2 protein chains.
Amino acid sequence: MSQPIADHPFTPHDHQQCIDQAMARAEALCRRQRARLTPLRRRVLELLWQSHRPVGAYELLEQLRTGSRAAPPTVYRALDFLQRVGLAHRLASLNAYTGCCYPGESHAGQFLICRSCQASSELSSAGVSRSIRQATAAAGFSVEQQTVEIHGLCSRCRED
Amino acid sequence: MSQPIADHPFTPHDHQQCIDQAMARAEALCRRQRARLTPLRRRVLELLWQSHRPVGAYELLEQLRTGSRAAPPTVYRALDFLQRVGLAHRLASLNAYTGCCYPGESHAGQFLICRSCQASSELSSAGVSRSIRQATAAAGFSVEQQTVEIHGLCSRCRED
DNA sequence: AACAAAATGTTATAGTGTTACATATCACAG
DNA sequence: CTGTGATATGTAACACTATAACATTTTGTT
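Residues numbered from 1 in each chain as written. Chains lettered and ligands numbered in written order. Predicted model: local features only at pLDDT ≥ 70, side-chain atom pairs only at ≥ 80, totals over all residues. Heavy atoms only, no water.

- Labelled according to an unreviewed UniProt entry, chain A appears under the name Fur family transcriptional regulator, originating from Geothermobacter hydrogeniphilus.

Next comes the structure, spelled out in C-alpha cells:
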C-alpha cells in the first residue's frame, strides 16, 4: 500500500502539498481508468481538498456558485463521480464529503472525526478490517461495504 | 454481558418473543432510571420492534397516524428519548432507527445490515471495539462515539 | 388545589438528496 | 472532417429527513 495523501491531518503540515498531491494522483487515476475529470469535477475535488474538514453538498454548491450558476444535481453528480472512481468518500454520520487519501487502492473507508476542529482523518487499518471480517464471518454475513466513523477528540484538540 | 434480545435476527425465530422481551426490558430499564415510558414512547418502541428492519421516522409517523394525528416532532422526540435512555439506535447510513438489543448495557453500536432482506443485526464485538481503540490510540485520538455499519448479505439471503 | 417540570400538539421551515427532461459536449466511426 | 451515440451538464420541480418556536396538556410534588 502506498503512502496516504495526508498522513497526519490533525497536525500542522504543508497543506498545499496535500492539495497538489491529491490533484496529481486524481489526474493519474482518471487517465488510467479512462474516466473524465472534467473542469467541474476537478473544481469540486479541489474544493473538497481545501481542508481536512468534510464538506456538505450545499456548502460546495455555494462555492461553485461564485462565477457560475449551479443547482443541486450539479454538485451531487460530481460527488457521485468522485466516489465512483474512488477519489472521495461520503461520511454518513455527517452528511458530508471528503477527499480520499488512498485513491486507486481498494480500502474500506474508516474515519476519525474530531468534534472540536472538525477535521477528519482516513484510516486504513488492517486490524479493524480484519476484526470486522472475523466478527461478521462468525455470523455468516458477507461484507460489501463498511461504514466506520469514529467521533472524538484529535490529539491536537486534546491538548487545549 | 447479558443475552442480547435478538441473537440471530437473520434466521427464523419466534419474533413475538423478541417483542415481549424488548418491552419487558424497556419497562424495567425505565423504572430503574426513573424515565417515563409514556404511551406514545411505548408505542414507538413497539413499532420499532415489529421486525428487525430499521424503520424511517416518517414511516413510524404514518403508523402513528392511524387513530391519532401526529406531526414530525412527535416521532422525533420519542426517538430522541429512546436513544437517550438506550432503547434505540439511529443508523446513519440508512437514516433509520432500530430497537436496541442490549438495553441498559454500555456498548458501542455495531450493525450488520442485509441489503436483500433489509434486516439488521446489532453486534457487540469486543474484538472490533478493541481494534478500533488500538488503531485510534496510535493516532492519539480519544473516541467518544462509534458508528460502525456493515452492509452486505446475511447468511439466509446468501443461500437464495 | 397550586405550582413547576415534563411531555405533547401545531405550524412553519431548514437541510439533504433525487427525478425528469432539456441542452450541450465529447469520442469515435465512417 | 462530420454525423451519431454516449456522456456530461443545465434547469425546474419535488421528495425525504429533521428541527425551531411557541402553545397546550399532563404529571409529579407540595
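1. With respect to the interface of chain B and chain A
Step number 1: In this complex, chain B contributes 33 residues to the contact, which on the side of chain A involves 33 residues.
Step number 2: Both faces combined, the contact of chain B with chain A buries some 2,600 Å², and carbon together with sulfur accounts for 61% of it.
Step number 3: Where chain B touches chain A, the interface holds two salt bridges.
Step number 4: Here chain B and chain A share 15 residue pairs in polar contact (both at pLDDT 80 or more) between them.
Step number 5: Mapped by element, the contributors of at least two residues to the side of chain B that touches chain A are β3 (110-114), α5 (126-138), β5 (142-153) and α6 (155-159) of chain B.
Step number 6: Residue classes in the side of chain B that touches chain A are distributed as 16 nonpolar, 13 polar and four charged.
Step number 7: Here strand β5 (residues 142-153) of chain A runs beside β5(B); their pairing, made up of 11 bridges, is antiparallel. When the bridges of β5(B) are listed, A:Gln145 appears paired with B:His151. (Contact = heavy atoms within 4.5 Å. Buried area = accessible area lost by both parts, 1.4 Å probe. Salt bridge = Lys/Arg side-chain N within 4 Å of Asp/Glu carboxyl O. Polar contact = N/O pair within 3.5 Å; in protein donor to acceptor, adjacent residues only side chain to side chain. Helix = DSSP H or I, 4+ residues; strand = E, 2+ residues; numbered from the N terminus. Nonpolar A, V, L, I, M, F, W, Y, C, P; charged D, E, K, R; others polar. Pairing = 2+ DSSP bridges.)

2. Quick word on the pairing of β3(B)
Residues in a regular strand point their side chains to alternate faces of the sheet.
All names here are of chain B.
Step number 1: Burial analysis of β3 places five of its five residues in the buried class, the great majority of the element.
Step number 2: In β3, alternate side chains face the same way, and those of Gln110, Leu112 and Cys114 on one face and Phe111 and Ile113 on the other are all buried.
Step number 3: For β3 and strand β4 (residues 120-123), the ladder comprises four bridges, and the chain directions are antiparallel. Paired with Ile113 across the bridge in β4 is Ser120.
Step number 4: In terms of strand pairing, β3 meets β5 through five bridges, oriented parallel. Directly across from Phe111, in β5, lies its bridge partner Glu149. (Buried < 20%, exposed > 50% of the residue type's maximum accessible area, 1.4 Å probe, protein only.)

3. Description of the protein's contact with DNA strand D
Step number 1: What surrounds DNA strand D is a group of 17 residues, the closest being A:Thr38, A:Arg77, B:Tyr58, B:Pro73 and B:Arg90.
Step number 2: Near the protein, meaning within 4 Å, the atoms of DNA strand D are sugar or phosphate in a fraction of 54%, with bases accounting for the rest.
Step number 3: A distance of 3.3 Å separates a phosphate oxygen of DNA strand D from a polar side-chain atom of A:Thr74.
Step number 4: Within the side chain of B:Tyr97, a nitrogen or oxygen atom sits 3.2 Å from a phosphate oxygen of DNA strand D.
Step number 5: Elements with a contribution of two residues or more to the surface near DNA strand D: α2 (39-48) and α4 (72-85) of chain A together with α4 (72-85) of chain B. (Near = heavy atom within 4 Å.)

4. Notes on the UniProt feature "binding site: Zn(2+)" (unreviewed entry) in chain A
Residues and elements named next belong to chain A.
Step number 1: Those places that UniProt annotates as "binding site: Zn(2+)" (unreviewed entry) correspond, in this numbering, to Cys114, Cys117, Cys154 and Cys157. The greatest C-alpha distance among the annotated residues, which extend across 44 residues, is 8.1 Å, indicating that they converge on a single site.
Step number 2: Here Cys117 shows up in the loop between β3 (110-114) and β4 (120-123).
Step number 3: What makes Cys117 partly exposed here is its relative accessible area of 34%.
Step number 4: Not counting residues within four places of it along the chain, the set of residues in contact with Cys117 comprises Phe10, Cys154 and Cys157.
Step number 5: On the secondary structure map, Cys157 appears in helix α6 (residues 155-159).
Step number 6: In this structure, Cys157 is in contact with Cys114, Ser116 and Cys117, ignoring residues within four places of it in sequence. (UniProt positions renumbered as here; feature names shortened; annotations may be inferred.)

5. Considerations on the protein's contact with DNA strand C
Step number 1: Neighbouring DNA strand C are 18 residues; A:Arg36, A:Tyr58, A:Arg90, B:Thr38 and B:Arg77 lie closest to it.
Step number 2: Sugar and phosphate atoms represent 50% of those atoms of DNA strand C found within 4 Å of the protein.
Step number 3: Taking B:Arg41, its side chain carries an N or O atom lying 3.1 Å from a phosphate oxygen of DNA strand C.
Step number 4: Contributing elements (two or more residues each) for the surface near DNA strand C: α4 of chain A together with α2 (39-48) and α4 of chain B.
Step number 5: For the surface near DNA strand C, the element with the most residues is α4(A), which contributes four residues.
Step number 6: Residues belonging to the surface near DNA strand C are distributed by class as follows: eight nonpolar, three polar and seven charged.

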